[in-house]
Amino acid sequence: MTDPETPGTTQGLATISISSSERAPIIYFDGASCFGHHNGAIQIELAANLLMPVGAAVRVDVVQTAHLRCSVPAALALREALDKALAMYKQGQQQPAEDIPAMKN
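Quick caveat, the model's predicted, so the values are computed rather than measured.

Procedures and definitions
- Residues numbered from 1 in each chain as written.
- Predicted model: local features only at pLDDT ≥ 70, side-chain atom pairs only at ≥ 80, totals over all residues.
- Heavy atoms only, no water.
- pLDDT = per-residue confidence, 0-100.
- Helix = DSSP H or I, 4+ residues; strand = E, 2+ residues; numbered from the N terminus.
- Pairing = 2+ DSSP bridges.
- Axes fitted to C-alpha atoms, helices over the stretch in contact; angles between N-to-C directions.
- Salt bridge = Lys/Arg side-chain N within 4 Å of Asp/Glu carboxyl O.
- Buried < 20%, exposed > 50% of the residue type's maximum accessible area, 1.4 Å probe, protein only.

Novice: An account of the confidence of the model for the protein chain is needed here, citing residue identities and associated values.
Specialist: In the predicted model, the protein chain carries a mean pLDDT of 85, and 82% of its residues have values of at least 70. Taking the mean pLDDT of every element in the protein chain, the minimum, 48, falls on strand β1 (residues 9-11) and the maximum, 97, on strand β3 (residues 31-38).

Listed below in structure tokens is the structure:
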């Protein structure tokens, strides 16, 4: 994760502007409903579950939340970022939980 106080991050030759981060959408998804490729572009459809009340029951509707399109190098970079984030998550899960005191002095 990058430091938000650093004025722009450099990855290779590209500089990412920090002014764009507050305008970027947050995309939540529960899974990838389908995927493929077309004319060299990777295509992945992201979907989320919606819980819809139906009387006393609940129905699950699946809705598309994003249509992800990228080049092969971008897909490889995304996969690498996901692998690294999952490794960080696993490492955090293996560390013993710290006892939180009931009262602080």
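Novice: Tell me about the sheet that holds strand β4 (residues 41-54), and name the residues and values.
Specialist: Within a sheet, each strand pairs with its neighbour through backbone hydrogen bonds, oriented either parallel or antiparallel. Strand order in the open sheet formed by three strands is β3-β4-β5, with antiparallel pairing between adjacent strands. Unpaired on one side and paired on the other, β3 and β5 (57-70) mark the two borders of the sheet. Strand-to-strand twist across the sheet, computed as the mean angle between neighbouring axes with direction ignored, equals 20°. Both β3 and β4 contribute to a ladder of seven bridges, which runs antiparallel.

Novice: Before we move on, could you go through the pattern of salt bridges and cite the residues and values that matter?
Specialist: The full count for this structure, using the stated rule, is three salt bridges. A salt bridge links Arg 69 to Glu 45; the nearest nitrogen and oxygen atoms lie 2.7 Å apart. Taken together, the positions of Arg 69 in strand β5 and Glu 45 in strand β4 put the pair 24 residues apart, joining distant regions of the chain. Owing to a relative accessible area of 42%, Arg 69 belongs among the partly exposed residues under this scheme. Among the ionic pairs, Arg 59 bridges to Asp 61, the shortest N-O distance being 2.8 Å. By relative accessible area, Arg 59 is classed as partly exposed at 40%. Classification of Asp 61 as partly exposed rests on a relative accessible area of 25%.

Novice: Talk me through unusual backbone geometry; I want residue IDs and the actual numbers.
Specialist: Backbone geometry at Asn 39 places phi at a positive 50°, although glycine is not the residue there. In this structure, Asn 39 sits in the loop between β3 and β4. Looking at Asn 39, the relative accessible area reads 73%, which means it is exposed.

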